[in-house]
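Given next are the chains, with one letter for each unit.
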Amino acid sequence: MTQGYIFDIDGTLIFDGAPLPDAIETINALREQDKTLRFATNGTGKSKEEIADELNAFGFKMDANEVETSVTACIRYLKRNFPTSKGQLLLPTRTYRMFEDFECDNDDPAYIVLGDLDEKFNYLLLNDVFQKMKSGVPLIVFHRNTQYRKNQTYHLDSGAFTLALENATGEIATVMGKPSMIFFQEICHTMDLPKEQILIIGDDVSTDIKGGIDAGISTALVKTGKYRANPRNEIKPTRVLDNLKDLL
Ligand SMILES: [Mg+2]
């Protein structure tokens, strides 16, 4: 029996700036059944409070502590795996503020977190990360996206630099966002439920469903948002939903 639900947000609960049909009612009904709910997104720019406020403005009723992002997953991962050591945080200001209780050591870090620095990427910074990776410092990133779209134009994304660093050093970065299984594992740690009682619901086979399967958690693909029928896709969700209310 499913007791915990991890919902993707974009394309699953909201789409094009509005709630999807039956999304609010489904969430409310699950809450009335005393289910444990989490709302998960890969974004790094907004805090969980900001995301909860946006969703609540649409009519959802969620607490910021139910929202998980690749940043909150990263913070949990670092506290679990590097509880006493200091790292180097190469992050834009909007992300850095979420790490304010971390102590840093930029000369001899135990790990490096590399975020979406956009115009602040430069040779000196990347060469410094390269040299530290060569000497064994693990690199932690939020995603491997090589491009993003803004104002109808594609822009180079931080994943392109991650791929370059991985290629040059032969070392693999640890990814915190979907489809990394770490993302879902860290969320499960907050739910206090056996994995068998948790279901991940999302519209994206390559992130929500792939990450869920890798983490050993049941998945439901919903036919909204990014969903496109592709019978040849080898990634198979546990369930396919025409509408979120099929969960009830
Ligand atoms: Mg989605």
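All values reported here derive from a predicted model rather than from experimental measurement. (Residues numbered from 1 in each chain as written. Predicted model: local features only at pLDDT ≥ 70, side-chain atom pairs only at ≥ 80, totals over all residues. Heavy atoms only, no water.)

> Looking at this model, I keep getting lost on the environment of Asn 145. Mind explaining?
On the secondary structure map, Asn 145 appears in the loop between strand S8 (139–141) and strand S9 (147–150). Take Asn 145: its relative accessible area is 41%, and that puts it in the partly exposed class. (Helix = DSSP H or I, 4+ residues; strand = E, 2+ residues; numbered from the N terminus. Buried < 20%, exposed > 50% of the residue type's maximum accessible area, 1.4 Å probe, protein only.)

> It is not clear to me how the packing of aromatic side chains should be interpreted in this structure. Could you clarify?
Two numbers describe a pair of aromatic rings. These are the distance of the centres and the angle of the planes. Summed over the entire model, instances satisfying the criterion amount to six aromatic pairs. Here the aromatic rings of Phe 99 and Phe 102 are separated by 5.4 Å at their centres, their planes lie at 55 degrees, and the arrangement is tilted. With respect to class, Phe 99 is no different from Phe 102; both count as buried. With a centroid separation of 5.2 Å and an interplanar angle of 80 degrees, the aromatic rings of Phe 183 and Phe 184 are classed as edge-to-face. With respect to burial, Phe 183 and Phe 184 carry one shared label: buried. (Phe/Tyr/Trp six-rings, centres within 6.5 Å; stacked < 30°, edge-to-face > 60°.)

> Looking at this structure, how should I read the sheet that holds strand S13 (residues 218–222)?
Working definition: the strands of a sheet are paired by backbone hydrogen bonds and lie parallel or antiparallel to each other. The strand order across the open sheet built from six strands is S5-S4-S1-S12-S13-S14, with neighbouring strands paired in parallel fashion. Since the sheet does not close on itself, it has two edges, and those belong to strand S5 (67–69) and strand S14 (239–241), each with one partner. Taken pair by pair, the neighbouring strands of this sheet meet at an average axis angle of 25 degrees, ignoring direction. Inspection of the sheet shows strand S1 (residues 4–8) paired to strand S12 (residues 198–202) by four bridges, in the parallel sense. Directly across from Tyr 5, in S12, lies its bridge partner Leu 199. On the sheet, helix H3 (residues 70–81) packs against strand S4 (36–41) and S5 and is oriented at approximately 80 degrees with respect to S5. (Pairing = 2+ DSSP bridges. Axes fitted to C-alpha atoms, helices over the stretch in contact; angles between N-to-C directions. Contact = heavy atoms within 4.5 Å.)

> Looking at this structure, I do not really get the pairing of S13. What am I missing?
In the case of a regular strand, side chains alternate between the two sheet surfaces. For S13, the tally of buried residues reaches four of five residues, placing the bulk of the element in the interior. Relative to S13, S12 is paired through four bridges, and the arrangement is parallel. Looking at S13, one finds that Ile 200 is bridged to Thr 219. With helix H8 (residues 205–214) bridging S12 and its parallel neighbour S13, the resulting β-α-β unit is right-handed. Of the strand pairs in this sheet, S13 and S14 are connected by three bridges, and their pairing is parallel. Note on S14: the bridge partner recorded for Ala 220 is Arg 239. (Right-handed = clockwise from strand over helix to strand, strands pointing away.)

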